[in-house]
Structure formats: structure tokens, C-alpha cells
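Observations on chain architecture
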Amino acid sequence: MNPSGSISAIVPARNEEAVITACVEALSAQPEIVEIIAVNDQSSDRTLEILKKLETRIPQLRIVEAPPPPAGWVGKNHAVWLGAAQVTQPWLLFTDADATLSEGACAKAVSLARENDASLVSFSPEQILETWYEKSLIPFIYLRLANKFPYEQVNNPESKAAAANGQFLMIDRAAYDAIGGHAAVHGEVLEDVALARRAKSAGYRIWFGSGVGYIRTRMYRSFSAMWEGWKKNLFQLMGGSTGSVFAEFESAFPWMIIVVLLIGIKVPFAVFAGVVLLLLRQYSYGLSLGRVHFPFKLTIYYLPAVFLYAGVLWASHESYAKGKISWKGREYSVGTPDASK
């Protein structure tokens, strides 16, 4: 772990005209960030134009133009790999254009690295939720992810569990080079988790935790973008096999409540019992939301959350079964799920 707190920030930007200004300005306000490398990844909107205007008033900013990704590369991985090749500082911060850092974010990350002798520090951002579908699906998924990747296990060097969030992933440059960087995970859709696994398996300590108060993001600004984004990621996040998908259905879906309510068609008292069970399930869900820093009031979205989650998880499974996923106008070949697992 490098004792210096100087950071090079790398931002991949593909059609990010709505958010790129806030991202770059927030990065430029972090004293630890010496340079900001924004990689324009074949944008067809005003992203490049906006970056060039920002470059005139933010001296830390440099723009790198990314050619089309080579065969087998995910576009984001190619873009950040090109950016990483330009860095001059001992720490690399990979962040997304839709993420906005708050005052003290990088200082906190460097402090955590020193306190924990960590070569990789990652924050899970605070989520900005504006629409009913964001308030339904995103907290539900983050709660499932908290069960899948508990921070205490990820941060325990004795545990094999490893995870990170690519919206804020700070890594020691020497460690990044030693594990092969993004070239080693060039075809991975979940490149952040893949990097964390490589780092931990190589003996580097990682620290992963909540970024509430340090980084905020609104991940998706339309239902279609949200659906496409989770369709791309969710299957792999939840285990990457048909068996793991059905295990999620069994665990996350309120089957007993549905059965009791169906019985109510013939036995009216069962309707009352089913409603009581549903209210108890909602209350429990609301309490659990606090563990992942979402307000209790979002429990009112429990039912749409369950059905949206089941729908997008199955859609993600089907995309992988067909061997193709899409993201930001590009299509990628992916592995086929193993139905025997």
C-alpha cells in the first residue's frame, strides 16, 4: 500500500452530457486528486464538447479519445485501461460519470487505506431515487447484494469474499499493475468485482463499505435504462447460474403470502391472514432497508419491488442464456448459464 495520498482519477464517458460536468467539477474539488483523465468513449452526444469547455478552466483535466474497443473487450474496460496508461500518480481512482464526490471523499478513502493497510478501497454510493421504479427496484437489489457480499466478509482477509463498486474504486497503482489491471478482466461485465477478486486472491487487502456522505449517484434516468443496466449485471451478481437464480426466487419472493391469498378465493379468512402476513413482511423489509442506508418509508414499494426484481433477474438470466447482452448501444457476447448448477 502506497503511503502517498496523491491520486489520478479516471472517468470513462460515453454519452454522458447530462452528468459529466458535475462529476468532473466534484473531482477537481478534491485536494488529493492531482489529475483527472476523462476518456471519451465514442460519444455521439455533447460529451466531448462539454469536456473541452471544462478543460479550459480545470487545469487537472486531460481528455483521452478512445477508439472502438478491440474484439473481446467491454467498452468501459477498454476506456479505463487507456486512461490508466496515462496516469502519473501512485493511486488510481476509477469513477463513473454519473457519480458525484462530496467534500472529503478522497481524504476519507486514503485514510481508510492507511488504517486498514488496504491496496483497494471502494465505496458503494448513496443512491438518488426520484421515480417510483427507482424507489422500488434499486433499494431491493442493494439489500440482496448486502446479503450476497457482506462488508465484514469482504473486508476480512481470511475470507475469500471479494467485491467492489466501480463508481468509486481506488487502487494502489503497483497493485493494479501486478494483477494485470483492466486488461486482465477485459471481457468482464462486472469488472469491479473481478478486479477485487484478483486483488484479494493475490494477497492485497481490500476495504469496501458504504459511501453515504462521500459519493452520490443517480444510476438510471429512465425505466428502460434501469432495466437494461440490471439486465446486464444481475445474473452474474446473483451467482451466474440457473440454480442461483432459482435460489434467489425462492429466497426473495413471498411465496407463502401468495399461496395464502390464493386460498382466500375459497376461504375468506385466508385473505385476512394473507394481508397480515404481507404487512409483517413489508415491516420487516422496511427495517432491513436501514442496513443499506435507505429510508423505512420505501417499504411501501415492497410489492412492485418484488415483481420488478423477479422480472429483471429472469430477463438477465435469459440474456446470458442467449449469449448476448446490450449496454449503451453495444452488444457483448457472454457465457451461457449452466443449468446443472
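Residues numbered from 1 in each chain as written. Predicted model: local features only at pLDDT ≥ 70, side-chain atom pairs only at ≥ 80, totals over all residues. Heavy atoms only, no water.

1. Some thoughts on the packing of aromatic side chains
For the record, the criterion: Classification of ring pairs uses Phe, Tyr and Trp, with its six-membered ring standing for Trp, and accepts pairs whose centres are within 6.5 Å; under 30 degrees between planes counts as stacked, over 60 as edge-to-face, and the remaining range as tilted. What counts as a helix is a DSSP run of H or I of at least four residues, what counts as a strand is a run of E of at least two, and both are numbered from the N terminus. Only protein chains enter the area calculation, which uses a 1.4 Å probe; residues under 20% of their type maximum are buried, those over 50% are exposed, and those in between are partly exposed. Throughout this description, the term charge over a ring refers to an Arg CZ or Lys NZ atom that lies within 6 Å of the ring centre and within 35 degrees of the ring normal.
Per the counting criterion, the structure on display carries 22 aromatic pairs. Here the aromatic rings of tyrosine 151 and phenylalanine 208 are separated by 5.2 Å at their centres, their planes lie at 85°, and the arrangement is edge-to-face. In this pair, tyrosine 151 is assigned in helix 6 (residues 151-154) and phenylalanine 208 in strand 9 (residues 206-210), connecting sequence segments 57 residues apart. On the basis of relative accessibility, which here comes to 7%, the residue phenylalanine 208 falls in the buried class. Arranged with centres 5.2 Å apart and planes meeting at 50°, the rings of tyrosine 285 and tyrosine 302 form a pair that is tilted. Residue tyrosine 285 is located in helix 12 (residues 268-289), and its partner tyrosine 302 is located in helix 13 (residues 302-322); the two are separated by 17 residues in the primary sequence. Comparing tyrosine 285 with tyrosine 302 shows no difference in burial state: the two are buried. Ring pairing ties together the aromatic residues Tyr142, Tyr220, Trp230, Phe294 and Trp327, which thus form one cluster. Here lysine 232 stacks its cationic end above the ring of tryptophan 327, 5.0 Å away from the centre of that ring.

2. Some points on the pattern of salt bridges
Selection criterion: Counted as salt bridges are all cases of a side-chain nitrogen of Lys or Arg within 4 Å of a carboxyl oxygen of Asp or Glu.
Summed over all chains, the structure comprises twelve salt bridges. Arginine 57 is the salt-bridge partner of glutamate 25, the closest N and O atoms lying 2.5 Å from each other. Taken together, the residues glutamate 25 in helix 1 (residues 20-28) and arginine 57 in the loop between helix 2 (47-55) and strand 3 (61-65) connect sequence positions 32 residues apart. Because the salt bridges share partners, they merge into one network encompassing Arg46, Glu49 and Lys53.

3. Let's talk about the confidence of the model for the protein
As a reminder, the rule being used: What pLDDT reports is the predictor's confidence in each residue, on a scale of 0 through 100.
Considering every residue of the protein, the mean pLDDT works out to 92; 96% of them sit at 70 or more. Mean pLDDT values for the elements of the protein range from 74 in helix 11 (residues 255-263) up to 98 in strand 4 (residues 91-95).

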